[in-house]
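Examination of the molecular architecture
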Amino acid sequence: MEDGAGASRPATGMTEKCGVVGISLAERDAALPTYYALYALQHRGQESAGIVTHDGFQQHQHVEMGLVGDAFDESDIDALTGSTGLGHVRYPTEGSLDKSCAQPFSVSFRGGALGLSHNGNLVNADEVRDELAATGHAFTSDGDTEVIAHDIARNLLEADLVRAVKRTMERIHGSYALTIMHDDTVMGVRDPEGNRPLCIGELDDGYVITSESAAIDTLGGDLVRDVQPGELVVLHEDGTGFDAYQLFERDRSAHCFFEYVYFARPDSVIDDELVYEVRRDLGRELWAESGVDTDVVMPVPDSGRAFASGYSDAAHEDGASVEFAEGLMKNRYVGRTFIMPTQEARERAVRLKLNPIRSTVEGKSVTIIDDSIVRGTTSNQLVELVRDAGAEEVHVRIGAPAILAPCYMGINMATRDELIAADKSTDEIREEIGADSLSYLSVDAVASAIGKRRDDLCLGCVTGEYPYDIDGETTDREVERPGVASADD
Ligand SMILES: O=P(O)(O)OC[C@H]1O[C@H](OP(=O)(O)OP(=O)(O)O)[C@H](O)[C@@H]1O
Ligand SMILES: NC(=O)CC[C@H](N)C(=O)O
Ligand SMILES: [Mg+2]
């Protein structure tokens, strides 16, 4: 998983994952709504952005490195004709950080034109690529997404759409939420464990399949429902509806709990839960497990906000007097792409990003709430900043368990040697970041706030046990190779 992505990975925090869109409209061109949907998903990937449309005869494609707003101008959108389309914003997890791996991927083959947008990460991409290459498939990239595109294309030569996708799902392992376009038919599919989110929205004149419901809101549409783990959804070309095929059914799913903790927008609804409310519940659980009644509690913006609001509500219900304060200000113009080669530069990055309001903390005992600690840079710097601003005590509360292992499912977090919790106890971390106390949230509290069984979550990064069979790692389950298929094949 160490690849070109490492070169520009931000040195603090977590990098993002990808966002996918698929749209089928009655008559209107799909490019502009796809562009708006990508804007709504920008937080999921900032390295490249792309749209592929189909006008009933041929595909049109525009894929560029950079942010959505920079990747397209009006003439690019105008040139993308056709009422069906796919979109993608990328943060690489596999394959190069350049245009060769930017998505949506397009493949022209005997069976027509295929487009593909992928959020997730395959764990057997090399194996499938070798097999396809041996049968004459020529690859233009070293990424995992092109492997999926070629495999579907191969299957489409022998089977109809549904069977072709199902065969590919039997062959590929790992996490994937895909939007696919074969000629002018748009589809969405979620891996059998449902690791990455994917939902269906209804617009006035068509349907959309996308990573997060906030993108549907942006288009003025209504969330219909999530695509189920192992389900394929095929949109009608004329925008009038969709057909759904439950291709795989598993006893357990493996939803990424970090979507709720950090990645997804708080205004998105995933599996019927509003992410904002889940984060507030995580904050409430944090108070219940390790609350400390300091003078003030402050969120680390942006993602710590909902946690701190739930935490302070629960504290007040318990009769505590801790005062909620937005005592850390974030410079919203600090991007993620500047290079931070040294520890000194990383520290400066945090100082550029966050600044305490002195009067909020001076002479006070303070609790800082964040959603997670990855490398520890943010907490380390913040504790020091808040102390420098005059705080007498600084306590840190984290709304997720300690991240002690890498993610192989589409979040390019960090390698083990970069993760502060990989080989340190909570008390050692507390000492390193210089806090008076430090507490993480338990895994059970996370499951309860999300409203899922622990067994239905992917907890690999906090337990070191993964729901997929990954070389050199342990798995938390009997790894089922594609199982109980409901459609015949
Ligand atoms: O321990 P570290 O390596 O510093 O990483 C942890 C931090 O990274 C994330 O925030 P980020 O700054 O990426 O973005 P946000 O503003 O969306 O919270 C996360 O919310 C933590 O604050
Ligand atoms: N972050 C993602 O979901 C990445 C998708 C795909 N593995 C890529 O690297 O392009
Ligand atoms: Mg943060």
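Residues numbered from 1 in each chain as written. Chains lettered and ligands numbered in written order. Predicted model: local features only at pLDDT ≥ 70, side-chain atom pairs only at ≥ 80, totals over all residues.

- Under an unreviewed UniProt entry, the name given to the chain is Amidophosphoribosyltransferase, and the organism recorded is Salarchaeum japonicum.
- Listed in UniProt under the heading Catalytic activity (unreviewed entry), the comment for the chain reads: "5-phospho-beta-D-ribosylamine + L-glutamate + diphosphate = 5-phospho-alpha-D-ribose 1-diphosphate + L-glutamine + H2O".
- Listed in UniProt under the heading Function (unreviewed entry), the comment for the chain reads: "Catalyzes the formation of phosphoribosylamine from phosphoribosylpyrophosphate (PRPP) and glutamine." (UniProt positions renumbered as here; feature names shortened; annotations may be inferred.)

1. What about the overall build of the chain?
- For the chain, the count of helices and strands is 16 helices and 26 strands.
- For 489 residues, the compact-globule formula gives about 23 Å, and the C-alpha radius of gyration of the chain, at 23 Å, lands near that figure.
- Taking the principal axes of the C-alpha coordinates as reference, the chain spans close to 70 × 50 × 45 Å.
- The buried share among the 489 residues of the chain stands at 54%.
- Within the chain, counting contacts between residues at least 6 apart in sequence, those at least 24 apart form 73% of the total. (Helix = DSSP H or I, 4+ residues; strand = E, 2+ residues; numbered from the N terminus. Rg over C-alpha atoms; globule rule 2.2 N^0.38 Å. Buried ≥ 20, exposed ≤ 12 C-beta atoms within 10 Å, placed from the backbone. Contact = placed C-beta atoms within 7 Å.)

2. Some points on the domain arrangement of the chain
- What the domain assignment lists for the chain is domain 1 (4–254) and domain 2 (273–466).
- Centre-to-centre, using C-alpha coordinates, domain 1 lies 32 Å away from domain 2. (Domains from an automatic or database assignment.)

3. Description of the site of ligand 2
- In the vicinity of ligand 2 lie 17 residues, with Lys 17, Cys 18, Pro 92, Asn 119 and Gly 410 positioned nearest.
- Sorting elements by how many residues they give to the shell around ligand 2 places strand β6 (residues 112–122) first, with four residues.
- Taken together, the residues of the shell around ligand 2 break down into four nonpolar, nine polar and four charged. (Near = placed C-beta within 6 Å. Nonpolar A, V, L, I, M, F, W, Y, C, P; charged D, E, K, R; others polar.)

4. Re the sheet that holds strand β12 (residues 231–235)
- In space, the six strands of this open sheet follow the order β5-β6-β7-β8-β12-β13, with antiparallel pairing throughout. At either margin of the open sheet sits one strand with a lone partner, and together these are β5 (105–109) and β13 (242–246). Going from strand to strand, the sheet's axes swing by 20 degrees on average, the running direction of each strand aside.
- In the packing of helix α5 (residues 145–156) onto the sheet, contacts are made with β5, β6 and β7 (174–182), and the angle to β6 comes to roughly 135 degrees. (Pairing = 2+ DSSP bridges. Axes fitted to C-alpha atoms, helices over the stretch in contact; angles between N-to-C directions.)

5. Regarding the UniProt feature "domain: Glutamine amidotransferase type-2" (unreviewed entry) in the chain
- In this structure's numbering, the residues bearing the UniProt feature "domain: Glutamine amidotransferase type-2" (unreviewed entry) are residues 18–238.
- Along residues 18–238 one finds 27% helix and 36% strand; the C-alpha atoms at either end are 27 Å apart.

6. Quick notes on the packing of helix α4 (residues 125–134) against α5
- Where α4 meets α5, the axes come as close as 10 Å, and the angle between the chain directions of the two elements is 45 degrees. Considering the angle they form, α4 stands oblique to α5. Crossing hand, α4 versus α5: left-handed. Residue-level inspection shows Ala 125, Val 128, Arg 129 and Leu 132 of α4 in contact with α5, the latter providing Val 147, His 150, Asp 151 and Arg 154.
- Classifying every residue of the contact of α4 with α5 by side-chain character gives four nonpolar, one polar and three charged. (Parallel < 35°, antiparallel > 145°, perpendicular 65-115°, else oblique. Left-handed = near helix turned anticlockwise from the far one by under 90°.)

7. Thoughts on the UniProt feature "active site" (unreviewed entry) in the chain
- On the UniProt side, "active site" (unreviewed entry) is annotated at positions that read Cys 18 here.
- Topologically, Cys 18 is positioned in the segment before β1 (19–25).
- Residue contacts for Cys 18: discarding those within four places in its chain leaves Arg 44, Gly 45, His 88, Val 89, Arg 90, Tyr 91, His 118 and Asn 119.

8. What about the pairing of strand β9 (residues 199–203)?
- Examined bridge by bridge, β9 and strand β10 (residues 206–210) share five bridges and lie antiparallel to one another. Bridging from a neighbouring strand, Leu 203 pairs with Gly 206 of β10.
- Remark: two residues form the turn of the hairpin made by β9 and β10, two consecutive strands paired antiparallel.
- Summarising the sheet, β9 and strand β11 (residues 222–226) pair through four bridges and their orientation is antiparallel.

9. Digging into α5
- If you check α5, its first and last C-alpha atoms are 17 Å apart, about what 12 residues at 1.5 Å a residue would give, namely 16 Å.
- With 12 of 12 residues buried, α5 is to be regarded as a mostly interior element.
- Buried residues of α5: Thr 145, Glu 146, Val 147, Ile 148, Ala 149, His 150, Asp 151, Ile 152, Ala 153, Arg 154, Asn 155 and Leu 156, and no others.
- Here the buried face of α5 lies against β5, β6, α4, α6 (161–171) and β7. (Expected span 1.5 Å × (residues − 1).)

10. Regarding the sheet that holds strand β3 (residues 59–65)
- Read across the open sheet, the seven strands follow the order β3-β2-β4-β1-β10-β9-β11; overall the sheet is antiparallel. Here the strands that pair on one side only, and so sit at the sheet edges, are β3 and β11. Each strand of the sheet is rotated relative to its neighbour by a mean of 15 degrees, with strand direction disregarded.
- The pairing of strand β2 (residues 48–54) with β3 spans seven bridges and is antiparallel. Considered in β3, the bridge of Thr 53 is made with His 60.

11. A closer look at the packing of α5 against α6
- Look at α5 against α6: their axes get within 8 Å of each other, and the N-to-C directions meet at 135 degrees. The angle between the axes of α5 and α6 places the two elements in the oblique class. As α5 packs across α6, the resulting crossing turns out to be right-handed. Of the residues in α6, those in contact with Ile 148, Asp 151, Ile 152, Asn 155 and Leu 156 of α5 are Ala 164, Val 165, Arg 167, Thr 168 and Arg 171.
- Of the residues that constitute the contact of α5 with α6, the class distribution is five nonpolar, two polar and three charged.

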